[in-house]
Amino acid sequence: MNNLPRTGEDHGRSPYEPELGDFESTAGDEESVNKTGTTTVGIATEDAVVIATDMRASLGGRFVSNKDVQKVEQIHPTAALTLVGSVGGAQSFIRTLRAESSLYENRRGKPMDIPALSTLAGNLARGGPFRAIRPILGGVDDEGSHVYSIDPAGGVMADDYTVTGSGMQLAYGVLENDYAPDLSTEEATSLSARAVEAAVERDTGSGNGVFLATVTDEGVDIRGHKDFAELR
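Residues numbered from 1 in each chain as written. Predicted model: local features only at pLDDT ≥ 70, side-chain atom pairs only at ≥ 80, totals over all residues. Heavy atoms only, no water.

A. Seen up close, the packing of aromatic side chains. The full count for this structure, using the stated rule, is two aromatic pairs. Ring geometry for tyrosine 161 versus tyrosine 179: centroids 4.5 Å apart, planes at 45°, classification tilted. Here the residue tyrosine 161 occupies a position in strand β11 (residues 161-165), and tyrosine 179 occupies one in the loop between α3 (168-178) and α4 (185-202), the gap between them amounting to 18 residues. Taken together, Tyr161, Tyr172 and Tyr179 form an aromatic cluster joined through their ring pairs. (Phe/Tyr/Trp six-rings, centres within 6.5 Å; stacked < 30°, edge-to-face > 60°. Helix = DSSP H or I, 4+ residues; strand = E, 2+ residues; numbered from the N terminus.)

B. Fine view of unusual backbone geometry. In this structure, asparagine 208 takes a positive phi of about 75° despite not being glycine. Mapped onto the elements of the fold, asparagine 208 is located in the loop between α4 and β12 (210-216). Judged by relative accessible area, asparagine 208 falls into the partly exposed class, the value being 22%. (Buried < 20%, exposed > 50% of the residue type's maximum accessible area, 1.4 Å probe, protein only.)

C. A negative patch on the surface, seen in detail. Negative charge collects at one region of the surface, where Glu46, Asp47, Asp113, Asp142, Glu143, Asp182, Glu186, Glu187, Asp217 and Glu218 lie side by side. Tracing the sequence through the fold places aspartate 47 in the loop between β2 (39-44) and β3 (49-54). Under the relative-accessibility criterion, aspartate 47 is labelled exposed at 52%. (Patch = residues over 30% accessible without salt bridge, like charges linked within 9 Å, V, L, I, M, F, W, Y side chains within 5 Å. Areas by Shrake-Rupley, 256 points an atom, 1.4 Å probe, with all protein chains shown as cover. Salt bridge = Lys/Arg side-chain N within 4 Å of Asp/Glu carboxyl O. Lys, Arg positive; Asp, Glu negative; His and termini not counted. Charge placed at Lys NZ, Arg CZ, Asp CG, Glu CD.)

D. View of the pattern of salt bridges. Counted by the stated rule, this structure contains four salt bridges. A salt bridge links lysine 71 to aspartate 54; its shortest N-O distance comes to 2.9 Å. Of the two residues, lysine 71 sits in the loop between β5 (63-66) and β6 (72-76) while aspartate 54 sits in strand β3, which places them 17 residues apart along the sequence. According to the relative accessible area criterion, lysine 71 is buried, its value standing at 0%. On the basis of relative accessibility, which here comes to 0%, the residue aspartate 54 falls in the buried class. Across the salt bridge formed by aspartate 178 and arginine 194, the nearest N and O atoms sit 2.8 Å from each other. One end of the pair, aspartate 178, is in helix α3; the other, arginine 194, is in helix α4, with 16 residues separating them in the sequence. Judged by relative accessible area, which is 29%, arginine 194 ranks as partly exposed.

E. Summary view of the nonpolar core. Counting 20 residues, the largest nonpolar core has Val41, Ile43, Leu175, Leu191 and Val210 as the members making the most contacts within it. Looking at this core, the elements with two or more residues in it are β2, β3, β11, α3, α4 and β12. For this core, the element with the most residues is α4, which contributes five residues. Leaving out residues up to four positions away in the same chain, isoleucine 43 has contacts with Ala48, Val49, Val50, Val147, Asp160, Tyr161, Leu175, Tyr179, Ala188, Leu191 and Ser192. (Core = buried A, V, L, I, M, F, W, Y, C linked by side-chain atoms within 4.5 Å. Contact = heavy atoms within 4.5 Å.)

F. The confidence of the model for the protein, seen in detail. Residues at a pLDDT of 70 or more form 81% of the protein, whose mean pLDDT is 84. Across the protein, the secondary-structure element scoring lowest on mean pLDDT is strand β1 (residues 34-35), at 56, and the one scoring highest is β12, at 98. Contacts from residues 4-11, a stretch scored under 50 in pLDDT, to residues over four places away or in other chains number three contacts. Throughout residues 13-30 the model reports pLDDT below 50, and contacts reaching past four residues in sequence, or to other chains, amount to nine contacts. (pLDDT = per-residue confidence, 0-100.)

The following block contains the structure:
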């Protein structure tokens, strides 16, 4: 074995550190990272889930970089997930979760049930390289409709309705006032749109319209609307 001398700079270096030096910090690049800011709302009804999101993305929270961002995506035959946090991290998270869900279906011959999908999403959020995400997962399976909020540490919380994003306090005010357990899907659609509209009025990270996803046992329908008035 060759006993090569170690330089002073190498002395004490762990064998698990990068060969070519430390990873470059991105802490100073926050203003160049596209973020969704956002307000996302999820409501479960008896036979569906309605998810509403605004359409705005920003750079460093100061500049509107895009006015037509679709912040809810289908990830499963009967489930959808919102984008919250950095756009890159959220998009990567969705691609990974969609791929894992598809792989499960191909291997088992049936879609993953929604509680299992939420557990997978929580595990990915906790263990993956995804930056500052806090999505809503909504889906329908044989057991009914489900809504979950997923935090960056992998926590998964089920509820009848939930809100995430920078406008959550404003949206929650509308939901707390008008939510009822027996809402129809149409009523939930109107309520979720009004909750996002309330956030858009005051939250600088939210704006420019609303995307609405309706999830049933037949699939996921996603539509964008620039005018809130048509949804009241």
